[in-house]
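Architecture and fold: a report
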Amino acid sequence: MDTYFIVLLIIGITSLLASFLPVIMKRFKISFTIPILLFGGILYYISAPLPWPNPIWQIDLTLRFSELVVIISIMVAGLKIGLNYSWKEWRNPLRLLSITMPMFMIVVFLISYYLLNFDGPIALLLAAVLAPTDPALASEIQLNQKQTVAKKNVGVQYNLTAEAGLNDGLAFPFVFLAILWSKNDTLEFDQWKEWLSYYVLYKVIVGMLIGIVIGFLYSYLTKKMSREYERKIHLAFVALSLTLISYGLAEVLSSYGFISVFFAGLFAHYHKHTSNETTESEPSLGFITDTEKFLIVFWMIFFGGSVMAGILNFITLPTFIFAIVLVLVVRPILGYISLKTTSLSKKERFAISFLGIRGIGSVFYLTYAIRHGQFNDYNQVFSIVALVILTSILIHGFTAKRILFNLDKK
């Protein structure tokens, strides 16, 4: 049998699932990723001709595919938020970024180094890759439409969207610190200086500036167009184009593309926000959101197959307990602590803290670090990251929509 036609069949089925499953599973308040995960396991079991892991993920393929999914999800988050939130409203997600994320990294590092006996670079790498929440797998419980000043969500969905949009980029300096450590027995003053000046300050600031400039220029140029010309623009591809331009330029200039993409999404609304006019040439959310969903479905199929292929083979009882505790205990407690003094209700604080979904971003960071670093015995890290993601998919997949539904009833 020609494998080419089998692959076409799988792509067709996958496309259909991407269209119908989110609607069907919404009735049951379950994430559509769970049946897709099972479907991926079934495809692996029947030996469908796809590039399955054996059992560890193929570094280059996994790196690029997860990278594409994440940058598209980050652009979606930026476009939905726009410039419609005040500094006061940004303080809550910034608490999650400045308090919860570093505290989470410290806890993961200490457990990995002192209890699991990983060496320093591996322990730091594990802390860095598990720190960010995921903008892709959490897309179902984030903002579901473009926000406006007059009508905007300032509760759970907004905070989860803003956190996920930014923390992928802000975790990158610590991934690079782990890479630097893996290449040196100890980190001397020169390495620390390089890390702080280049990997933190330069890459973060330049990434932000590139995103702001690209988003602003797009907003400015389209505002200057005549209405007649404006109507001829094919808006479906605009958001995807802005994603690739901002990410590509940021990476060419050796800055953080994730941060650039998010800020490009925010500032693509600039002139509509300042003038309160209706701009027909705003980037379309429809096409890029559908693209995001399509890619997530494919990623989940491969992840389901990787579980069947043995990605969890290197898990031990201590690492199993470690992964479960991170999802069910560490993130919820640290998230709640950072939001304790905010004006959010107790139920909202609990929901935001509990729904710190881990996913595709962690896979990107892990494969990037393995590709560019010199880490020893990292197979167990692959298994731990996969188990954390699987735990998050299952626990949050069955509970997240119910939590939001109960909050909406209040």
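Preceding this paragraph is the structure being described.
Residues numbered from 1 in each chain as written. Predicted model: local features only at pLDDT ≥ 70, side-chain atom pairs only at ≥ 80, totals over all residues. Heavy atoms only, no water.

Re the overall build of the protein
Secondary structure assignment for the protein yields 16 helices and zero strands. In terms of C-alpha radius of gyration, the protein reaches 21 Å, essentially the compact-globule figure of 22 Å for 410 residues. The dimensions of the protein, computed from C-alpha atoms along their principal axes, are 60 × 60 × 45 Å. Here the protein, with 410 residues, has 56% of them falling under the buried criterion. Looking at the protein as shown, the accessible area adds up to about 18,100 Å², and 64% of this sits on carbon and sulfur atoms. (Helix = DSSP H or I, 4+ residues; strand = E, 2+ residues; numbered from the N terminus. Rg over C-alpha atoms; globule rule 2.2 N^0.38 Å. Buried < 20%, exposed > 50% of the residue type's maximum accessible area, 1.4 Å probe, protein only. Areas by Shrake-Rupley, 256 points an atom, 1.4 Å probe, with all protein chains shown as cover.)

Quick word on the nonpolar core
In this structure, Ile-81, Trp-90, Leu-126, Phe-262, Met-300 and Phe-303 are the most contacted members of the largest nonpolar core, which totals 138 residues. Apart from residues lying up to four places away in sequence, Phe-303 is in contact with Leu-37, Trp-57, Ala-386, Ile-389, Leu-390 and Ile-393. (Core = buried A, V, L, I, M, F, W, Y, C linked by side-chain atoms within 4.5 Å. Contact = heavy atoms within 4.5 Å.)

A look at the pattern of salt bridges
Inspection of every chain in the model, using the stated rule, returns five salt bridges. For Arg-64, the salt bridge is made with Glu-67, and the minimal N-O distance between the two is 2.9 Å. Here Glu-67 and Arg-64 lie together in helix α3 (residues 59-81), a separation of three residues that amounts to about one turn. Assessed through its relative accessible area of 11%, Glu-67 is described here as buried. With a closest N to O distance of 3.0 Å, Lys-401 and Glu-140 form a salt bridge. Separated by 261 residues along the polypeptide, Lys-401 in helix α16 (residues 379-409) and Glu-140 in the loop between α5 (120-130) and α6 (156-182) bring together distant segments of the chain. (Salt bridge = Lys/Arg side-chain N within 4 Å of Asp/Glu carboxyl O.)

Examining the packing of helix α4 (residues 87-115) against α5
Put simply, α4 and α5 touch, their axes get as near as 8 Å, and they point 145° apart. The hand of the α4/α5 crossing is right-handed. In contact with Phe-104, Met-105, Val-108, Phe-109, Ser-112 and Tyr-113 of α4, α5 contributes Gly-120, Ala-123, Leu-124, Leu-126, Ala-127, Ala-128 and Leu-130. Of the residues contributing to the contact of α4 with α5, the split by class is eleven nonpolar, two polar and no charged. (Axes fitted to C-alpha atoms, helices over the stretch in contact; angles between N-to-C directions. Left-handed = near helix turned anticlockwise from the far one by under 90°. Nonpolar A, V, L, I, M, F, W, Y, C, P; charged D, E, K, R; others polar.)

What about the side chain of Ser-66?
You can see Ser-66 is positioned in helix α3. Residues in contact with Ser-66, not counting those within four places in the same chain, are Trp-299, Ile-360, Val-363, Phe-364 and Thr-367.

Some details on the packing of aromatic side chains
Counted under the stated rule, the structure contains 38 aromatic pairs. Aromatic side chains Phe-350 and Phe-354 sit 5.7 Å apart centroid to centroid with 10° between the ring planes, which places their arrangement in the stacked category. With a gap of four residues between them, Phe-350 and Phe-354 both fall in helix α14 (residues 346-354), about one helical turn apart. Looking at Phe-350, the relative accessible area reads 44%, which means it is partly exposed. Three or more aromatic residues joined by ring pairs make a cluster, and in this case those are Phe-172, Phe-176, Tyr-198, Tyr-199, Tyr-202, Tyr-247, Tyr-256, Phe-258, Phe-364, Tyr-365 and Tyr-368. Above the ring of Phe-405, the side-chain terminus of Lys-29 is found at 4.3 Å from the ring centroid. (Phe/Tyr/Trp six-rings, centres within 6.5 Å; stacked < 30°, edge-to-face > 60°. Lys NZ or Arg CZ within 6 Å of the ring centre and 35° of its normal.)

Scope: geometric values only; no functional claims are made or implied.
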